[in-house]
Amino acid sequence: MLDPARMDDVLRRGPEVATLVAGWKTLDEQRRKLQGELDSLRQARNAANDKMAKLDKKSSEFAAARDELKAISGRIKDGEQALRDLEERSAGQLLLIPNAPHASVPMGAGEADNPVLHAWGDKPTFAFAPQLHDDLGKALGVLDFEGGARIAGSRITVLRGAASRMTRALINYMLDLHTAHGYEEAWAPALVRRAALTGTGQLPKFEADMFRLALEVGPDHVADNDLFMSPTAEVQITNLHMDQILDAESLPRRYTAYAACFRSEAGAAGRDTRGLIRQRQFDKVELVKVTTPETSYDELEALRRDAERVLQGLGLHYRVVTLCTADLGFSAAKTYDLEVWLPGQDAYREISSCSNCEDFQARRAKIRYRPAAGEKPRYAHTLNGSGVAVGRTLVAIFEQYQQADGSILVPPALRPYMGGLERIARP
C-alpha cells in the first residue's frame, strides 16, 4: 500500500485519486483525534485510580470516584471500539489508493500522452493486404473460436495443430532465454488466496475482474473458501516472500514463471472481441524481481531489456513507451510498455508491461529485508513484467510473418522447438 507520507505525490494521477486521498485523510484525522481523546481518558482513568487508592472505601468521596472511574472506563471501551472501526475503514480506504508515480513519469491524460522511448526493427511490408490473425488462423484450421465457445463460453479459444505447438514452443523459448540470463524458474499454482491478491494490489479494487471459486462441501451447501484463479503469475511469485524478512546479500531475487492466467474481463465489453487479443484464459511467461530501493530502477531497465530480448530474438517489430501518470497501473510507480506491431490491425498493441512497484506491494505483503546484521528491517522493492504474453506473441507472429498464400513462416528461433517446421500452411 501507499506510504502515507507520499499522499501528496499520488495526486499527480488526477482528480479521481484526489477524491480517494481526501476520503482517507478525513478518516485519518478522525482516527488521530479519537486516539488523542482516548489517551486523555486513559490518563483520567489512571488519575481516578490514584485518587481512589487514597480514599476511605466507605466514604461518599470514594463512591463518587468509583462512579467517575466507571463512567471513564465505559467511555474508553466505546472509544476503543470506535477507534477499531475507524482504523478498519481507514485501512480499507488506503487499499484503494494507487501507488505514487516516480518523479520521472511524464504527466498525461491518457494513452495518447505516452512518449515513445524507442522502436526496434522495421515494420514488415507486404505486396498484398495483410490479414488479421483470426482470419489467418481460422483459414489454417489452427484457431478454433467456435470450439472454445462451446466448451467454456465467449473469449475462450482452442488452439489446434501448429498453433498449439507454437504456443508450447514460445513458452519453452521464453523460459530458456530468461533462465540463461539469471532468472530462477518457478512453476506456480493457478489458485491464489485473497491475501496474495491483496498483497500485489489486485484486490480489493479489481475483484469484479476475478474468477472466484466456491468449494462444495455437501449436497445442499456451498462454502466460500476465498480462493481465486490467478490473473497473472506476478501474484504467486511476488507472494513467495509474503511475511518474510530477507537477507540483503540474497538480493536481488529474479524469477521467471509460466502460468495460465484468468480474468473475467468484466469491464471490457465491446473491446477487442475478435481473436486472441483479450481472452478470459491466456498464457504468460512472467518476470518478477525483489530487490533493494537503491537498485530497483537499475533492475527496471534490465527487466525491460530482458523482455525486449524475447521480441528481438523472434524478429518482431515493436516499440517501447513510457506510461504517463493517467495510464499507469494501480500498483506501479513507473512502467514501460512494449507494443508489438500488428499489420492486420495497422496498430501497435501492448505485449508486455515492465513495472517498478517500489515498496507498494511490499508494504501490503510485508516483504522486508535486513540491510545488515542487527539493523532494522526495511521494505523491499518489487518489480514485474511480462516476458512476454504468449497469446499476443502468437498474434504478432501470425500477422508479421504472414505470406500471400495465407501461410505463416515460423521464426527461425522457434524452429528447433517445433521439430524444424518452417511454415504453417493450409492442410
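What you are looking at is a predicted structure, and each value in this text was computed from that prediction instead of being measured.

This part is about the sheet that holds strand E16 (residues 378-379). The strands that make up a sheet are held in pairs by hydrogen bonds between backbone atoms, and each pair lies either parallel or antiparallel. Spatially, E9-E15-E16 is the arrangement adopted by the three strands of the open sheet, whose pairing is mixed. This sheet does not close on itself; its edge strands, each paired only once, are strand E9 (244-247) and E16. In this structure, strand E15 (residues 367-370) lies alongside E16, joined through two bridges in antiparallel fashion. Within the sheet, the bridge partner assigned to Arg368 lies in E16 and is Tyr379.

Time to look at the packing of helix H6 (residues 162-180) against helix H11 (residues 390-400). Angle between the axes and distance between the axes: these two values describe a pair of packed helices. Here H6 crosses H11 at 115 degrees, and the two axes come no closer than 10 Å. For the pair H6 and H11, the crossing hand works out as right-handed. Residue-level contacts link Ala163, Met166, Thr167, Leu170, Ile171 and Met174 of H6 to Val390, Thr393, Leu394, Ile397 and Phe398 of H11.

Let's shift gears to the packing of H6 against helix H9 (residues 296-313). Relative orientation of the contacting elements H6 and H9 amounts to 130 degrees, with a least axis distance of 10 Å. Taken together, the axis directions place H6 and H9 in an arrangement best described as oblique. Here the hand of the crossing between H6 and H9 comes out right-handed. Listed contacts from H9 to Tyr173, Met174, Leu177 and His178 of H6 are Asp306, Arg309, Val310 and Gly313. By residue class, the composition of the contact of H6 with H9 is four nonpolar, two polar and two charged.

This part is about the pattern of salt bridges. According to the stated counting rule, one finds 24 salt bridges in the structure shown. Of the charged contacts in the structure, one is a salt bridge between Asp3 and Arg363, with a shortest N-O distance of 3.1 Å. Placement of the pair is Asp3 in the segment before helix H1 (7-10) and Arg363 in helix H10 (residues 360-365), with a sequence separation of 360 residues. Notably, a salt bridge pairs Arg254 with Glu299, separated by 2.7 Å at the nearest N-O pair. Residue Arg254 is located in strand E10 (residues 253-262), and its partner Glu299 is located in helix H9; the two are separated by 45 residues in the primary sequence. For Arg254, a relative accessible area of 30% translates into the label partly exposed. A network of salt bridges, in which partner residues are shared, links Arg194, Glu207, Arg212 and Asp226.

Turning to the side chain of His317, a few remarks are in order. With respect to the secondary-structure elements, His317 resides in the loop between H9 and strand E12 (318-322). Among the residues examined, His317 registers a relative accessible area of 5% and is labelled buried. A distance of 3.0 Å separates a polar side-chain atom of His317 from the backbone oxygen of Gly121. Excluding anything up to four places from it in sequence, His317 contacts Ala119, Trp120, Gly121, Asp122, Lys123, Pro124, Val340, Trp341, Tyr348 and Gln400.

To continue, consider the nonpolar core. Across soluble globular proteins, you tend to see nonpolar side chains buried next to one another. By size, the foremost hydrophobic cluster in this structure holds 51 residues, and its most contacted members are Met166, Leu170, Phe398 and Leu414. The greatest single-element share of this core, amounting to 10 residues, is contributed by H6. Sequence-distant contacts of Phe398, defined by excluding residues within four places in its chain, comprise His133, Leu136, Gly137, Val142, Leu143, Ala163, Met166, Ile408 and Ile424. Met210, Val235, Met242 and Tyr369 belong to the second largest nonpolar core, which has 17 residues in total.

Counting through the fold element by element, Val395 comes out in helix H11. According to the relative accessible area criterion, Val395 is buried, its value standing at 1%. Put simply, Val395 and Pro252 are 143 residues apart on the chain and 33 Å apart in space, counted from C-alpha to C-alpha. With residues up to four places along the chain from it excluded, the contact list for Val395 reads His133, Leu276, Ile277 and Leu342.

Our focus in this paragraph is the state of the cysteines. Counting across every chain of the model gives zero disulfides. No disulfide involves Cys324; its nearest neighbouring cysteine sulfur is the one of Cys357, lying 17 Å away. Note on Cys357: no disulfide assigned, nearest cysteine sulfur contributed by Cys354 at a separation of 11 Å.

The strand order E1-E12-E13-E14-E17-E11-E10-E4 describes an open sheet built from eight strands, whose pairing is mixed. Since the sheet does not close on itself, it has two edges, and those belong to strand E1 (116-120) and strand E4 (184-187), each with one partner. Each strand axis lies, on average, 25 degrees off the axis of its neighbour in the sheet, ignoring direction. As defined by bridge partners, E4 adjoins E10 across four bridges and the pair is classed as parallel. Looking at the pairing, Trp187 lines up with Tyr258 of E10.

At 3.6 residues per turn, the α-helix brings residues three or four places apart onto the same side. With respect to burial, H11 is a largely interior element, 10 of its 11 residues being buried. Inspection of H11 places Val390, Arg392, Thr393, Leu394, Val395, Ala396, Ile397, Phe398, Glu399 and Gln400 among the buried residues, and these make up the whole buried set.

Let us now look at the pairing of E10. Moving residue by residue along a regular strand, the side chains alternate between the two faces of the sheet. Across the 10 residues of E10, seven count as buried, placing the element largely inside the fold. Relative to strand E11 (residues 281-291), E10 runs antiparallel, the two sharing 10 bridges. When the sheet's bridge partners are listed, Arg254 is paired in E11 with Lys289.

Thresholds, definitions, all that
Residues numbered from 1 in each chain as written. Predicted model: local features only at pLDDT ≥ 70, side-chain atom pairs only at ≥ 80, totals over all residues. Heavy atoms only, no water. Pairing = 2+ DSSP bridges. Helix = DSSP H or I, 4+ residues; strand = E, 2+ residues; numbered from the N terminus. Axes fitted to C-alpha atoms, helices over the stretch in contact; angles between N-to-C directions. Left-handed = near helix turned anticlockwise from the far one by under 90°. Contact = heavy atoms within 4.5 Å. Parallel < 35°, antiparallel > 145°, perpendicular 65-115°, else oblique. Nonpolar A, V, L, I, M, F, W, Y, C, P; charged D, E, K, R; others polar. Salt bridge = Lys/Arg side-chain N within 4 Å of Asp/Glu carboxyl O. Buried < 20%, exposed > 50% of the residue type's maximum accessible area, 1.4 Å probe, protein only. Polar contact = N/O pair within 3.5 Å; in protein donor to acceptor, adjacent residues only side chain to side chain. Core = buried A, V, L, I, M, F, W, Y, C linked by side-chain atoms within 4.5 Å. Disulfide = S-S within 2.5 Å.

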